[in-house]
Amino acid sequence: MTRVLSCIQPTGDVHLGNYLGALRNWVIGQHECDAFHGIVDLHSLTITTEPKVVGDNTLRLAAMLFAVGLDPDAATVFVQSQVPQHAQLGWIMECTVSFGELSRMTQFKDKSARREAEFISAGLFTYPALQAADILLYDTDEVPVGEDQRQHIEITRDIAERFNFRFGDTFVMPKAVIPRAGARVMDLQDPTSKMSKSATADSGLVYLLDDPAAVLKKFKRAVTDSDNEVRFDRAEKPGISNLLEILAAVTGGTPETLATQYTQYGPLKNDAGEAVVEMLTPIQHRYHELIADRAELARLLGKGAEKARAVAEATYRRATEAIGLIQI
Ligand code: AMP
Ligand code: TRP
């Protein structure tokens with residue numbers, strides 16, 4: 001079965017765009033491929049300066065992944081820091097990539113430019129080496145990623161190829177794949193921009209943990225277009241099209257046919273808000289149960305860590321044997 005790895009950093013709360021665009025497909029995918037899902041807390045350390053924050057975010061994200069339907073018996077859901085081989089292989093990867101290659105990473109250039117006045121950790125620079133370790137440890141066949149991560153998969157392949165050339169065939173060559181198309185959810189206040197946790201205001205963002213009143217209010221206040229016609233047209237009518245696309249993603253219809261059922265904006269906003277509330281209610285229920293039951297959450301994550309470690313240990317051993325580090 002194809003081994004597929006997706007990783008997500010525990011930064012910020014999960015929103016409707018993450019869910020309809022990505023997480024919901026992970027839930028479907030867990031029954032179609034050998035799915036590994038890592039919560040990559042070590043990656044978050046590149047920008048962490050306060051105690052406890054990363055751990056709390058990790059538990060919240062884990063509870064959310066289980067609440068949306070990832071099943072620890074189908075998929076392997078693990079926390080990166082619980083599998084020590086990530087950091088260990090990460091060092092070996094750092095020694096297999098060049099300073100020049102890392103210097104060409106556009107994400108590093110962007111992030112370091114944005115943090116100009118702040119502390120720029122060396123980890124922010126070597127981050128792709130850790131990401132290569134994440135991927136290669138699991139003999140990953142496919143890594144579903146968006147455009148922004150393509151370069152990191154390319155460098156992972158370069159690293160794997162160099163390692164295999166130097167020390168003998170050790171790593172499976174992974175490839176980047178385009179994730180199964182999910183809905184593209186736009187900001188409710190600025191429907192020409194993607195819903196994103198880096199948005200300036202929260203009013204256009206629907207978090208999976210927003211209470212029903214807050215969700216309905218955000219939909220009611222969604223920015224719409226100036227004429228009064230309900231029609232699916234992303235370019236001319238971004239606000240209405242976004243509502244139709246969300247409603248379609250939640251109820252299973254198509255935005256075009258849903259458009260024919262409305263003549264006014266009000267009822268569409270209302271129905272979209274209510275459909276989202278109805279979808280979120282059981283997710284929130286499971287989330288609150290789990291986050292209040294740390295023992296259960298630890299048990300579920302323990303299962304994932306055990307499965308992940310078994311694979312990671314074997315690969316790490318293969319790598320150190322290939323190099324010829326002593327084995328005792
Ligand atoms: P991020 O939180 O931006 O790292 O995104 C995590 C995952 O959610 C990625 O797979 C994104 O493609 C997906 N995602 C984030 N925002 C949206 C959005 N507005 N619409 C659809 N998918 C999204
Ligand atoms: N760098 C990725 C991001 O910012 C997260 C990530 C870390 C990742 N390790 C990975 C993604 C391994 C895929 C595979 O989104």
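What counts as what
Residues numbered from 1 in each chain as written. Chains lettered and ligands numbered in written order. Predicted model: local features only at pLDDT ≥ 70, side-chain atom pairs only at ≥ 80, totals over all residues. Heavy atoms only, no water. Domains from an automatic or database assignment. Contact = heavy atoms within 4.5 Å. Buried area = accessible area lost by both parts, 1.4 Å probe. Near = heavy atom within 4 Å. Polar contact = N/O pair within 3.5 Å; in protein donor to acceptor, adjacent residues only side chain to side chain. Areas by Shrake-Rupley, 256 points an atom, 1.4 Å probe, with all protein chains shown as cover. Helix = DSSP H or I, 4+ residues; strand = E, 2+ residues; numbered from the N terminus. Nonpolar A, V, L, I, M, F, W, Y, C, P; charged D, E, K, R; others polar. Expected span 1.5 Å × (residues − 1). Buried < 20%, exposed > 50% of the residue type's maximum accessible area, 1.4 Å probe, protein only. Salt bridge = Lys/Arg side-chain N within 4 Å of Asp/Glu carboxyl O.

**Some points on the domain arrangement of the chain**
Phase 1 of the analysis: Taken domain by domain, the chain comprises domain 1 (3-182 + 294-323) and domain 2 (212-288).
Phase 2 of the analysis: Distance between the C-alpha centres of domain 1 and domain 2: 33 Å.
Phase 3 of the analysis: Opposite the 10 residues of domain 1 that make contact, domain 2 presents nine residues.
Phase 4 of the analysis: Taking both partners together, domain 1 and domain 2 bury about 820 Å²; carbon and sulfur atoms supply 72% of that area.
Phase 5 of the analysis: A per-residue breakdown of the area domain 1 buries against domain 2 is headed by Leu16, Leu20 and Ala67, which together make up 49% of the total.

**Focus: the site of ligand 2**
Phase 1 of the analysis: Taken together, the neighbourhood of ligand 2 is formed by Leu5, Cys7, Gln9, Val40, His43, Tyr127, Gln131, Asp134, Ile135, Val143 and Gln149.
Phase 2 of the analysis: Contact distances for ligand 2 include 3.5 Å between an oxygen atom and a side-chain N or O atom of glutamine 9.
Phase 3 of the analysis: Glutamine 149 has a polar side-chain atom sitting 3.1 Å from a nitrogen atom of ligand 2.
Phase 4 of the analysis: Protein chains bury 88% of the 370 Å² of accessible surface belonging to ligand 2 in isolation.
Phase 5 of the analysis: A per-element tally of the shell around ligand 2 places helix H7 (residues 122-137) first, with four residues.
Phase 6 of the analysis: For the shell around ligand 2, the class distribution of residues is six nonpolar, four polar and one charged.

**Description of helix H3 (residues 53-68)**
Residues spaced three or four apart along an α-helix point in a common direction, a consequence of the helix completing one turn every 3.6 residues.
Phase 1 of the analysis: Compared with an ideal rise of 1.5 Å per residue, which puts 16 residues at 22 Å, H3 spans 23 Å between its outermost C-alpha atoms and is within 8% of the ideal.
Phase 2 of the analysis: Along H3, the residues classified as buried are Val54, Asn57, Thr58, Leu61, Ala62, Ala63, Met64, Leu65, Phe66, Ala67 and Val68.
Phase 3 of the analysis: Just downstream of H3 lies glycine 69, where phi reads positive at about 125°.

**Digging into the site of ligand 1**
Phase 1 of the analysis: Around ligand 1, the neighbouring residues are His15, Gly17, Asn18, Gly21, Ala22, Ala183, Arg184, Val185, Lys194, Met195 and Lys197.
Phase 2 of the analysis: Within the backbone of glycine 17, a nitrogen or oxygen atom sits 3.1 Å from a nitrogen atom of ligand 1.
Phase 3 of the analysis: Measuring from a nitrogen atom of ligand 1, one finds a backbone N or O atom of valine 185 at 2.6 Å.
Phase 4 of the analysis: Burial of ligand 1 by the protein amounts to 65% of the accessible area it has alone, namely 480 Å².
Phase 5 of the analysis: For the shell around ligand 1, the per-class residue count stands at four nonpolar, four polar and three charged.

**Observations concerning the pattern of salt bridges**
Phase 1 of the analysis: If you walk through the whole model with that rule in mind, you get 14 salt bridges.
Phase 2 of the analysis: In this structure, aspartate 73 engages lysine 303 in a salt bridge whose closest nitrogen and oxygen atoms are separated by 2.8 Å. Taken as a pair, aspartate 73 in the loop between H3 and strand S3 (76-79) and lysine 303 in helix H13 (residues 294-323) lie far apart in primary sequence, 230 residues in all.
Phase 3 of the analysis: Residue aspartate 73 is classed as exposed on the basis of its relative accessible area, which comes to 59%.
Phase 4 of the analysis: Among the residues examined, lysine 303 registers a relative accessible area of 28% and is labelled partly exposed.
Phase 5 of the analysis: Between arginine 162 and glutamate 101 there is a salt bridge, and its shortest N-O distance comes to 2.9 Å. Pair noted here: arginine 162 is in helix H8 (residues 150-167) and glutamate 101 is in helix H5 (residues 99-103), with a separation of 61 residues, a long-range link.
Phase 6 of the analysis: Overall, arginine 162 belongs to the partly exposed group, its relative accessible area being 27%.
Phase 7 of the analysis: Residue class for glutamate 101 comes out buried when judged on its relative accessible area of 11%.
Phase 8 of the analysis: The network of salt bridges with shared partners includes Glu229, Arg231 and Asp233.

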